[in-house]
Amino acid sequence: MKRKLFIPIIIILVVIFVVGLSFYGLQIYVADQNFDTTDHALKSVIDLQAAATYNAYFAWTTLYDLVVQNKFAEASELTRDMRDNFPFIDSLEIDYGPPPDEDFMVTLDGELIRIAYPIRNDEETMTAPNAYAVTVIQAQKLLDLVSPYEFRVDTVHGRKTSYGIPISASLPLFSPWGIAFVVLLTCLIVWFVLQRYFHKSDFFLDTRGLESIIYLFEQTEKVSASHSRNVAIFALFVGKKLGFKGKRLKNLYVAALLHDIGKIGVPTSIITKTGKLDSREFAQMKQHPVISARILRSFKEFEHLSNIVLHHHEREDGSGYPDGLKGKEIPLESKIIAVVDVFEALVGERPYRNPIHPSSAFEKMKQMPLDQRIVNVLIEHYGELGAFRPPRWVLSYSPWMFAA
Ligand SMILES: [Fe+2]
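This one's a predicted model, so the numbers in the text were calculated from it and none came from an experiment.

1. Quick word on helix H2 (residues 61–68)
Turning to H2, its buried residues are Leu 63, Tyr 64, Leu 66 and Val 67. Down the axis of H2, the smallest arc covering the buried residues is 165°, so these residues share one side. Downstream of H2 by one or two residues, Asn 70 has phi in the positive range, about 60°.

Rendered as structure tokens:
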């Protein structure tokens, strides 16, 4: 029980860790991408504002003439309409001091963007040496323009953009929606993984349970046990030739492996009797497919195979048992097992007689009320049997198979 819980708990912890880490990584990646985009957009908007302002006002001979004459008040009057034309600009000043070399120079003052401009004539051949102009823009206003919800100016924790404007994501890394998403995804993955785990675990237990029964069966009746293994391989071979694949092929194999398991319920004296069975003994012997089916029904992984094993002694003409089914009434899988069961019984080693040659067995089988289409497939491909390599999963169903 402890072991049964240990693995699911480990699975849950690993899933939580992996999903959490992936989500965190994804958030970081998205935040990074958003930061780069915002940074780029912010720089473009500042450059555009600055270049437009410079061209509109500070490469203007009239303004230049007033500034070089130190008529700053009149010069400022000329720029009064600037805020109407550039609504992001909060203020403009013309100050004494050396002008910047470039058309504009951006600096940061807390949350304010200060852009300094030289004052030049129309042809930009002369620069006022005594003064420069400064416009001030609130960084948050531009940030709202380029990234309306996600970022805010944050001088304490913000990450610096191209002009040194520090910004932080407004959305927390783990929002309630994000956490809900992680929890939901984790639950889904855990549910899926545990489903698979417990399914596998059940299947393993069921298989082990059946293995144990078969093992006991093998110990009491060695001939039937090796017969079943041979029948299973022959059935697999013929099934493949008939186009069986995947689950259907596995089902055929397992059904063939277990078809005679019901002999466990028939007295050993009858099973091992070398002489002819009397009618009472034969009646008991005829019960073994019914018992096989009953055993398989008690294992949920194998209950769907019970009908196949139930009818593995039916014959095409209705002379078989237990239900006397005819032709199409008999499941195809049961017919295949019937054919290879007879074949193995004829060619296999028995303590009380020598095996007969396959060609003689085929001649006999042609006269029997078996499905002749299947008999023909076996005859036609029998030569390939020596080179037949069973699929890998065969071993997983019967690890004891090649041990003998
Ligand atoms: Fe049988």
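After presenting the structure, the write-up continues.
2. Side note on helix H5 (residues 139–146)
Turning to H5, its buried residues are Ala 139, Leu 142 and Leu 143. Take H5 and look down its axis: the buried residues cluster within an arc of 100°, on one side only.

3. Re the pattern of salt bridges
Under the defined criterion, the tally for this structure stands at 13 salt bridges. Ionic pairing is found between Lys 241 and Glu 384, a salt bridge with its closest N-O pair at 2.7 Å. Placement of Lys 241 in helix H7 (residues 222–241) and of Glu 384 in the loop between helix H15 (372–381) and helix H16 (393–397) is noted, with a sequence separation of 143 residues between them. Glu 384 gets classed as partly exposed once you look at its relative accessible area, which sits at 36%. Where Glu 333 meets Arg 248, a salt bridge forms, and the shortest distance between an N and an O atom there is 2.8 Å. With Glu 333 in helix H13 (residues 332–347) and Arg 248 in helix H8 (residues 246–258), this pair connects stretches of sequence that are 85 residues apart. Judged by its relative accessible area of 41%, Arg 248 is partly exposed. Three or more residues are tied together by salt bridges with common partners; here these are Glu 316, Lys 335 and Asp 371.

Reading guide: rules and limits
Residues numbered from 1 in each chain as written. Predicted model: local features only at pLDDT ≥ 70, side-chain atom pairs only at ≥ 80, totals over all residues. Heavy atoms only, no water. Buried < 20%, exposed > 50% of the residue type's maximum accessible area, 1.4 Å probe, protein only. Helix = DSSP H or I, 4+ residues; strand = E, 2+ residues; numbered from the N terminus. Arc of directions from axis to C-beta. Salt bridge = Lys/Arg side-chain N within 4 Å of Asp/Glu carboxyl O.

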